[in-house]
There are 6 protein chains.
Amino acid sequence: MSEGKYRFQLINAFRLSEEAGFTLRAWSGPKETLIYNYQDVAPSLSDVTWDVHPGALATHGDWPVEKLEEFDIVGVNRLPIVRESCASGKYNAIVLLGGGDPSYLAAREIGRNFGVPVTSCAHAQMNVARMLGRRFSIVDISETHNMRMYNLVMQYGFIHECASIRNINFPLPRPAYSNEPSIQDEQKKALNGERSEMLEASLTEAVAAIEDDGAEVIILGCSAAFWMQPPLQRRLQSAGWEVPVLEGTRSAIEMAKLLVNLGVDASGLMLPSERPKKVRRRKIF
Amino acid sequence: MSEGKYRFQLINAFRLSEEAGFTLRAWSGPKETLIYNYQDVAPSLSDVTWDVHPGALATHGDWPVEKLEEFDIVGVNRLPIVRESCASGKYNAIVLLGGGDPSYLAAREIGRNFGVPVTSCAHAQMNVARMLGRRFSIVDISETHNMRMYNLVMQYGFIHECASIRNINFPLPRPAYSNEPSIQDEQKKALNGERSEMLEASLTEAVAAIEDDGAEVIILGCSAAFWMQPPLQRRLQSAGWEVPVLEGTRSAIEMAKLLVNLGVDASGLMLPSERPKKVRRRKIF
Amino acid sequence: MSEGKYRFQLINAFRLSEEAGFTLRAWSGPKETLIYNYQDVAPSLSDVTWDVHPGALATHGDWPVEKLEEFDIVGVNRLPIVRESCASGKYNAIVLLGGGDPSYLAAREIGRNFGVPVTSCAHAQMNVARMLGRRFSIVDISETHNMRMYNLVMQYGFIHECASIRNINFPLPRPAYSNEPSIQDEQKKALNGERSEMLEASLTEAVAAIEDDGAEVIILGCSAAFWMQPPLQRRLQSAGWEVPVLEGTRSAIEMAKLLVNLGVDASGLMLPSERPKKVRRRKIF
Amino acid sequence: MSEGKYRFQLINAFRLSEEAGFTLRAWSGPKETLIYNYQDVAPSLSDVTWDVHPGALATHGDWPVEKLEEFDIVGVNRLPIVRESCASGKYNAIVLLGGGDPSYLAAREIGRNFGVPVTSCAHAQMNVARMLGRRFSIVDISETHNMRMYNLVMQYGFIHECASIRNINFPLPRPAYSNEPSIQDEQKKALNGERSEMLEASLTEAVAAIEDDGAEVIILGCSAAFWMQPPLQRRLQSAGWEVPVLEGTRSAIEMAKLLVNLGVDASGLMLPSERPKKVRRRKIF
Amino acid sequence: MSEGKYRFQLINAFRLSEEAGFTLRAWSGPKETLIYNYQDVAPSLSDVTWDVHPGALATHGDWPVEKLEEFDIVGVNRLPIVRESCASGKYNAIVLLGGGDPSYLAAREIGRNFGVPVTSCAHAQMNVARMLGRRFSIVDISETHNMRMYNLVMQYGFIHECASIRNINFPLPRPAYSNEPSIQDEQKKALNGERSEMLEASLTEAVAAIEDDGAEVIILGCSAAFWMQPPLQRRLQSAGWEVPVLEGTRSAIEMAKLLVNLGVDASGLMLPSERPKKVRRRKIF
Amino acid sequence: MSEGKYRFQLINAFRLSEEAGFTLRAWSGPKETLIYNYQDVAPSLSDVTWDVHPGALATHGDWPVEKLEEFDIVGVNRLPIVRESCASGKYNAIVLLGGGDPSYLAAREIGRNFGVPVTSCAHAQMNVARMLGRRFSIVDISETHNMRMYNLVMQYGFIHECASIRNINFPLPRPAYSNEPSIQDEQKKALNGERSEMLEASLTEAVAAIEDDGAEVIILGCSAAFWMQPPLQRRLQSAGWEVPVLEGTRSAIEMAKLLVNLGVDASGLMLPSERPKKVRRRKIF
């Protein structure tokens, strides 16, 4: 695996056990099954030589990530995989999967040591959204995850571009809350052409973001919502709204290609080396 | 010319007469000669099927563009070429050449009617810079051109990301000012390995932008300065500054590829259709 | 016409043919008929010696301007008239008519060469609104025109002062859309004391801007809406809202007087001369 | 005194005793002598029917105002004069003299009850500066007075437009500091064509504001510095800087004319009436 | 009264006559009765040795303060009390009571001369709110008082943190408006467990601030609303909203303790001394 | 340990081995020795019943933390200690030691589950600085650590309040760089009354922050720099600069007291519970 213009390592945010009962993607098996919305992402990978890592086994619990503590834990678990992938010399970019970008900045800092660009889904979506309009809104799944996205918007400096974060209130499963509606059921219904309340709620919130919040582009927060990109885009289009809808995986892959083609990864002034040859006396905002 | 993943029309900002005495690029001839810094851009075009338009013959005078009035005039002259290129059905993206983005928003508005993304050098550089760091500075050639860039930063909403616009004071030639140093001489010197005051000034200002203004990425303003990207990048690197330097042509080409791959052009809420099916009651900032 | 404290040239944004069927103002004839809302503007012109230019004949089509491309085209068409007016030596200020300020910055750049201040309707309204309150909203006629105003707010740097742009959805006429309600009919109804849906919609949106968006002043976008200033002001007042409503023509005329009286036109640091005696190393935001 | 288009009451910020030894203006006598820089202001008053009030006798001490406490005290002392002037029915605008705008918002609130616009020097300068460029710097006399100007910039919402406040360090006289250089001596020197260190310092700081801070317009802080407008403008001009310099008195007078001509005073949503007929549920920023 | 870690002087904003008919607090008598919501504040004072000044007798009229003019007047009336309290040497902090912070900056300037920190209710609430969340909303009593709070938000630089100011429309009493609902009646009802429309309106607006405006913390504007802190906090909590509600008196007392413990009062660069030993050439924003 | 008004658990950011050769504080032993600048902090702890945890043993390496990756790792290592401390019921606040706030938001999220406020040094300093002036600068030790602070400023939303981050270039020790100047030597020199280049550099940068960047308050970044607070404060004072200097430990302790006294921890809208009773449809900025 050393030929090809693009040689990417994709790395999932975490891996659950088979017993976790969360089946939006597989935890092992053929690489295609390890990516949430592979059916939609496939064209973006067609000119890429790629591997995908299933993610480090979750140590925060056997359920998907939603709280800040959990994001921090899985983020740190992933960093050694990032380092190994860079050190292997096999890849010219790393694509971090998952909607909430756990430990993205640290991963990018690692990548810089190797001259390897690292992209991640929320960061890539925000950057692509910026190309398409002045302001975007995030449609996301739950109060907790929404505020994770809020933190990312703050961290990445998109406060003036983010019109709002909209909550469709379909939280990720947790053992203690067994009677909640399930995102995987919603996805199945939608893919089967049945009515999905999750998709309907997303449409409602996307329209509200357009009409009330000044959004010009819609992006999706949690990777468990990325499957909605095609149907949500179609529904908005058919309702008469000429607004792009993005999702994270393709955004991160395409941003990685752009960085590879331009021969850049990240500024060493944003993510300094251990002992940079030149240092600044001051940094202003 | 209908095969290939990327089918791009590049369009220069304007065309002068052969007598204009401005020889940084050709006004006619083989397509490669029509692009300012083709030697640097070639890799980005290697997977693209492309044409380049020499630009509409300048009607503001027979000298390169620097004043707002001149930008407006050449911008409007280019719009019919944009429309024809879109209408031809031959291209899946339009790349506007030239540093100061004359009539870019109107060109993009035209592109939207055809579902064809349109990119431009300043806008693309700012967006790519955003991916690499939190703040960028523009190194540019003259007071007049600098303030054009300032207007673009305002128009595109990058006021929080633009740390400064730095002036190296090598204005474009005008008949009335015949004794000024010439950018084409500077380029020749630099390419010949001789000392170029223009490049030295750019290094000085880029370092000042880093040390004083908080810049984390350097972009170049005028297309007549794009040739400096490789040497300026090398000089900064060898001085110990780990900072990416961009130029516009590759940024615009690569951004066009990204948009093509994601199947998006621009938000219809930013650049509305003539009679959109759905309209908003309000737009906020 | 060389006496008087104020000697102003007013210049319309464009001129249509008599067949265009757009009769909110005349395209030729007595100067008073060439101004949209002359009845309201007359007091502001009573101490001015003034000429009015009907505008360059439209080259974008025989309909009023609403799209960015059209704004760019008519803007460039007007620039020679601005230059001639300045060069004539007859005027101590130029007032650009029309709501969307086509090529205002370039026109102002030209004016600076002659030491002649140039004002324009949107820019003047925003500046006057700033004097009266902290935030203003723009009531405007259509999605397309609204986004033109949005661009102006960005360009002029009023993003913190503009609370919202409100859309009453009465687009300007275009040949392809013959069955739409007509602004000139609305104006007639309103002036005749009949109910005008356009005025009602403006009231609704102005109140929404006050109640929801934080607006403290209302300004009007398109010059085809300027006639509403007196009735909208009255309606808001009688509804109990103590909020100033502005329109562009008087704002631009009065701002021109202020500039004349203070002996200033525009900063040469914002709109530099061709070869300024002094140049800056940097420009920050 | 009821005829004329403009009938203005000018009100000084305070009045000292004859013993105060501060002679930049008179405390009693012909109205022309009561205005700091009458020689420069006269043309702006030539079409105005005007009175000037010498100001309430200072109760904070017998020296000019520089500290926040002193500004608050003289501001409150002036409010009854504002009310009486409005109530007299003789004036269609009130112009508050003095650089630091003591109690301007309260004075404007009073004016609104009578439908009388009230203008003030700092507020007017900032608004006029906004018309001429995107950013202005304030050249002012002392650390204490500078921070008063800072507070006004915050209060009026010009933080994005104010590039900097520059300090020339010529504080106003106080009994406890008898050996300091005197502004009135500086003024005399300058008017006599001698070198004035105060003027030199202003030039130095104005140039620094242009070169370092991004200022496009210069305004003056304290009214005791207003006399420098003409020489500072000339010095900058002759040094090659094409930058407008304003001072407060003319700015406030001309802004008052503009408000009178447009028939507006201030938004009742910014400065509400005692019991407005309509109230809002919320106010956003 | 010289022992104890905290020796605070509390100073009311003003004092009315006994005939004023405003009985939310006493104007004379035991010190506990002079504080609006003493029952809630008592724990914060339990480790403080404290005096309370009833406030200077009101000179603006015999009714509570709501207009800007009235705030300016009572603010200046209080300054001598601040100075005397500092000069007495008895106190290590001054706590200014009242919601709208009349002349707070000037009072703090006085305090600095003595090295005595001065806190005030609105300023303290905003600072504490900042510690608990990213954005706060102010629930306040009337259009006039709301805009006073707006001015304070501007003055203190909290425009990015203040999500909105919400109006419950229970204005303070004025002789001319005798039939209005009374805040003191509302307080009685609420404390008696009866339905208070004022409290209901506050709940409605607090929820709207949370749901619509992005507020994460609720603060109260007028001191006549401070009594609502406990019931409003309970109501929001029982409705499921996990949002802190603050009021000013405790916030100002606790902030004073923090400043005393850290040995700081205010920056001399924000509130300069009369003749500081060191002065700056410039101040930027 | 259940009595007392304040019962605090202090938790260090990490613990190194005895062999690490980093002796600014102890890794085990009497609790007083576990705190960097105990001598300065003692008064703030005098009314607190407190424990201190030495920190989880470092797993990133046996050297102090400076890179983002390292911050993430030690942050996650500390979270179980935070949870145990909260769950023990012994403490009414948690104070996180260390300058760069590793995993502070996640720790605070944990604290909220128990109703226990959690404070941290950078966050507390920024909040206290906000109380003392409008803008602060951070004086910090190295390019890498400075950019960590930059990230915190972004994350906490203090971009408008942070004037600059100043770099004195005394990085923390790493095995690979054995010849660098040592902070512990600098501290010893300074405490012995000898010249410390580290302190001199801090003075230089603090003055530059005041004179050039608009800082009104100085805060310190890395906890290894906290010892400089008293001498830096004295040096600035004796140089004539009336500017408060803060450090993190006392700021975090005093902020914890304030939160305890007001009975608040953090907004549940900023850090939502797992399944909040009420959820919002949107969150805006």
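For clarity, every value in this text was computed on a predicted model and none was experimentally measured.

**Q** Please explain helix H7 (residues 197-213) of chain F as it appears in this structure.
**A** Two residues of an α-helix separated by three or four positions point the same way, owing to the 3.6 residues in each turn. Residue and element names in this part refer to chain F. Compared with the 24 Å implied by 1.5 Å per residue over 17 residues, the 22 Å span of H7 between its first and last C-alpha is a close match. Counted residue by residue, H7 has 13 buried out of 17 residues, so it is predominantly covered. Just beyond H7, the residue with positive phi is glycine 214, at close to 85 degrees.

**Q** Where do I start with the packing of aromatic side chains in this structure?
**A** What describes a pair of aromatic rings is the distance from one ring centre to the other and the angle between the planes of the rings. Within this structure, the stated rule accounts for 42 aromatic pairs over all chains. Their ring planes at 10 degrees and their centres at 4.6 Å tell us that B:Phe285 and C:Tyr150 sit as a pair that is stacked. Of this pair, B:Phe285 sits in the segment after strand S8 (282-283) while C:Tyr150 sits in helix H5 (residues 143-156), each in a different chain. The same class applies to B:Phe285 as to C:Tyr150, namely buried. On the numbers, 6.2 Å between centres and 25 degrees between planes, the contact of C:Phe22 with C:Trp27 is stacked. Of the two residues examined, C:Phe22 and C:Trp27, each falls in the buried class. Aromatic rings pair up to connect A:Phe14, A:Phe22 and A:Trp27 into one cluster. The aromatic ring of A:Phe71 is capped on one face by A:Arg148, whose charged end is 4.4 Å from the ring centroid. When the ring centre of C:Trp50 is taken as origin, the NZ or CZ atom of C:Lys31, which lies over that ring, is 3.9 Å away.

**Q** What should I look at first to understand the sheet that holds strand S8 (residues 282-283) of chain E in this one?
**A** One key point about sheets: their strands pair by backbone hydrogen bonds, in either a parallel or an antiparallel sense. A sheet is described by the order of its strands in space; here four strands give the open sequence S7(D)-S5(D)-S6(D)-S8(E), paired in mixed fashion. Looking at strand neighbours, the two that pair on one side only are strand S7 (217-220) of chain D together with S8 of chain E, the edges of this open sheet. Strands strand S5 (136-140) and strand S6 (162-167) of chain D together with S8 of chain E of the sheet are contacted by helix H5 (residues 143-156) of chain D, whose axis makes an angle of about 165 degrees with S6(D).

**Q** Looking at this structure, how should I read the relation of the copies chain E and chain D?
**A** Both copies of the chain are placed relative to one another by a rotation about an axis and a shift along it. Between chain E and chain D, the superposition needs a rotation of 180 degrees and an axial shift of 0.0 Å, giving an RMSD of 0.0 Å. Taken together, these values place the two copies in the relation of a two-fold axis. Relative to the rotation axis, the closest C-alpha in chain E is found at E:Gln155, a distance of 2.4 Å. When the interface residues of chain E are mapped onto chain D, 100% of them again lie at the interface, so the same face is used by both copies.

**Q** Would you mind showing me how to read the interface of chain D and chain C here?
**A** Of the residues lining the interface, 62 residues belong to chain D; the matching set on chain C comes to 61 residues. Carbon and sulfur atoms supply 55% of the area that chain D and chain C bury against each other, a total of about 5,100 Å² over both sides. For the pair chain D and chain C, the number of links is eight salt bridges. Among the salt bridges present, the one from D:Glu161 reaches C:Arg130, with a minimum N-O distance of 3.7 Å. One can count 35 residue pairs in polar contact (both at pLDDT 80 or more) joining chain D with chain C. Put simply, the parts of the chain that give the side of chain D that touches chain C at least two residues each are helix H3 (104-114), helix H4 (121-132), helix H7 (197-213), helix H8 (229-239), helix H9 (248-262) and strand S8 (282-283) of chain D. In terms of residue count, the dominant contributor to the side of chain D that touches chain C is H9(D) (nine residues). The residue makeup of the side of chain D that touches chain C, split by class, is 26 nonpolar, 14 polar and 22 charged.

**Q** Could you clarify how one ought to interpret the relation of the copies chain D and chain C in this entry?
**A** Note on the copies: chain D fits chain C at an RMSD of 0.0 Å, the axial shift is 0.0 Å, and the rotation between them is 180 degrees. The share of interface residues of chain D whose copies in chain C are also at the interface is 98%, consistent with both copies meeting through the same surface.

Rules behind the numbers
- The numbering scheme is per chain: residues are counted from 1 as the chain's sequence reads.
- As a convention, the first chain written is A and the first ligand written is 1, with the rest following in written order.
- Local features are withheld for residues below a pLDDT of 70 in this predicted model, meaning they are given only at 70 or higher, and side-chain atom pairs are given and counted only at 80 or more; totals for whole chains, interfaces and linings count all residues.
- Hydrogen atoms and water are omitted, and side-chain values are computed over all heavy atoms in the structure.
- Each helix corresponds to a stretch of at least 4 residues labelled H or I by DSSP, and each strand to a stretch of at least 2 residues labelled E; elements are numbered beginning at the N terminus.
- The span one expects for a helix is its residue count, reduced by one, times 1.5 Å.
- Type-normalised accessible area, obtained with a 1.4 Å probe on protein chains alone, sets the label of each residue: buried when under 20%, exposed when over 50%, and partly exposed for intermediate values.
- Only centres within 6.5 Å qualify two rings of Phe, Tyr or Trp (six-membered ring in Trp) as a pair; their planes then separate them into stacked at under 30 degrees, edge-to-face at over 60, and tilted for everything else.
- Note on geometry: a ring has a charge over it if NZ (lysine) or CZ (arginine) is within 6 Å of the ring centre and within 35 degrees of the ring normal.
- Pairing between two strands requires that DSSP report at least two bridges joining them.
- Between two residues, a contact is recorded if the distance between any of their heavy atoms is within 4.5 Å.
- The axes used here are C-alpha line fits, helices contributing only the stretch in contact, and every angle between their N-to-C directions lies in the interval 0 to 180 degrees.
- Each copy is superposed on the other by least squares, with the fit set by C-alpha atoms of residues at a pLDDT of at least 70 in both.
- Defined here as a combined quantity, buried area equals the accessible surface (1.4 Å probe) lost by two parts on assembly, summed across both.
- Think of a salt bridge as a Lys or Arg side-chain nitrogen and an Asp or Glu carboxyl oxygen that are within 4 Å of each other.
- Pairs of N or O atoms within 3.5 Å make up the polar contacts considered here, provided that, within protein, one atom can donate a hydrogen while the other can accept it, and that residues adjacent in sequence are counted only when both atoms are side-chain atoms.
- Gly is put with the polar residues, along with every residue not named as nonpolar or charged; the nonpolar set is Ala, Val, Leu, Ile, Met, Phe, Trp, Tyr, Cys and Pro, and the charged set is Asp, Glu, Lys and Arg.

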